[in-house]
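What follows is each chain in one-letter form.
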Amino acid sequence: MKIGIIGAGNIGGNLTRRLTALGHDVSVANSRGPETLKELAEETGASAVRAEEAARDAEVVVVTIPLKAIPNLPSGVLDGAAKDVAVIDTGNYYPQQRDGRIAAIEDDGLTESRWTEQHLGHPVIKAFNGTYAQDILDRPRPAGAPDRMALPVAGDDAAAKARVRALIDELGFDTVDAGGIDDSWRQQPDTPVYGLQAGTEAVTKALAEASPERPAGFRG
């Protein structure tokens, strides 16, 4: 499958490593230019490209950059993607630590991923946002393994969500349907499921126990 990854930090880099190892055709981009991704490209066989090229012909695009950088993405960054492209948003809102205050999230009540998809102009599937990057490399398990981790996945597009869940299964993790993007507050930072390294039953329980009130430490 053709996969574009926008962002080559810890999550983006490790997804590049795993997805290329599984035989996918991966293009990876960052904000500093493809020449800065030479080592990752040589290590993995991925194509290092500019951000506006990452989605070209892609069936899945992973957007894994700081939330504050979303509005700075090139206009039409998803242009050229497959017609039914599934866009994965791994982002989190850290107002005090990194992103500054975003009024649409705090005053208007948008979930982080709803805000992101409005900027992208395309529906997103929220996944990997509470996953430790090292777990992507170290914690894959075969289906049915008793210690297989489960990841929450939220999104409104049923077909795109199914494709993302199948890809996560291929990566070696179970998934739990966390509802639509307006429900994705259940997996935002400091919720019970955020960073949880557990199986399907525990992840389902943690999602149900989440509170919609934004914790003080994650308000601007």
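Before reading on, note that the structure itself is shown above.
Residues numbered from 1 in each chain as written. Predicted model: local features only at pLDDT ≥ 70, side-chain atom pairs only at ≥ 80, totals over all residues. Heavy atoms only, no water.

### Points about helix α8 (residues 200-208)
Note the threshold: Only protein chains enter the area calculation, which uses a 1.4 Å probe; residues under 20% of their type maximum are buried, those over 50% are exposed, and those in between are partly exposed. Helix and strand assignments come from DSSP, with helices taken as H or I runs of at least 4 residues and strands as E runs of at least 2, each series counted from the N terminus. Read the arc as the range of directions from the helix axis to the C-beta atoms. By the convention used here, residues are in contact when the closest approach between their heavy atoms is within 4.5 Å.
Considered for burial, the residues of α8 that qualify are Val-203, Ala-206 and Leu-207. One side of α8 carries all its buried residues, which in axial view fall inside an arc of 100°. Counted as exposed and oriented over 90 degrees from the buried face of α8: Glu-201, Lys-205 and Ala-208. Of the surrounding secondary structure, the elements contacted by the buried residues of α8 are β7 (150-155) and β8 (174-177).

### Quick word on the environment of His-24
Mapped onto the fold, His-24 is located in the loop between α1 (10-21) and β2 (25-29). As a C-alpha pair, His-24 and Ile-3 span 21 residues in sequence and 7.0 Å in three-dimensional space. The residues contacting His-24, other than those within four sequence positions of it, are Met-1, Ile-3, Leu-19, Leu-167 and Glu-170.

### Considering the sheet that holds β2
Going by this rule: Note on pairing: DSSP must find at least two bridges between two strands before they are called paired. Here an angle of 0 to 180 degrees is reported between the N-to-C directions of two axes, which are lines fitted to C-alpha atoms, with helices fitted over the stretch in contact.
As summarised here, the arrangement of the 8 strands in space is β3-β2-β1-β4-β5-β6-β7-β8, forming an open sheet in which the pairing is mixed. Each having just a single partner strand, β3 (47-48) and β8 make up the two edges of the open sheet. Most of the contacts of α1 go to strand β1 (residues 2-6), to which it runs at about 165°, and overall it touches β1, β2 and β4 (60-63). Against the sheet, helix α7 (residues 158-171) touches β1, β4, β5 (86-89), β6 (125-126), β7 and β8, its axis set at about 165° to β7.

### Section: the nonpolar core
We apply this condition: Only buried residues count toward a nonpolar core, which is a set of Ala, Val, Leu, Ile, Met, Phe, Trp, Tyr and Cys residues joined through side-chain atoms within 4.5 Å.
Counting 28 residues, the largest nonpolar core has Ile-5, Leu-15, Leu-19, Phe-128, Val-164 and Ile-168 as the members making the most contacts within it. Every element with two or more residues in this core is listed here: β1, α1, β2, β4, β5, α6 (133-138), β7 and α7. With 5 residues, the single largest contributor to this core is α7. In terms of nonpolar packing, the next biggest core, distinct from the first, is built from 25 residues, Val-49, Ala-51, Val-61 and Ile-102 among them.

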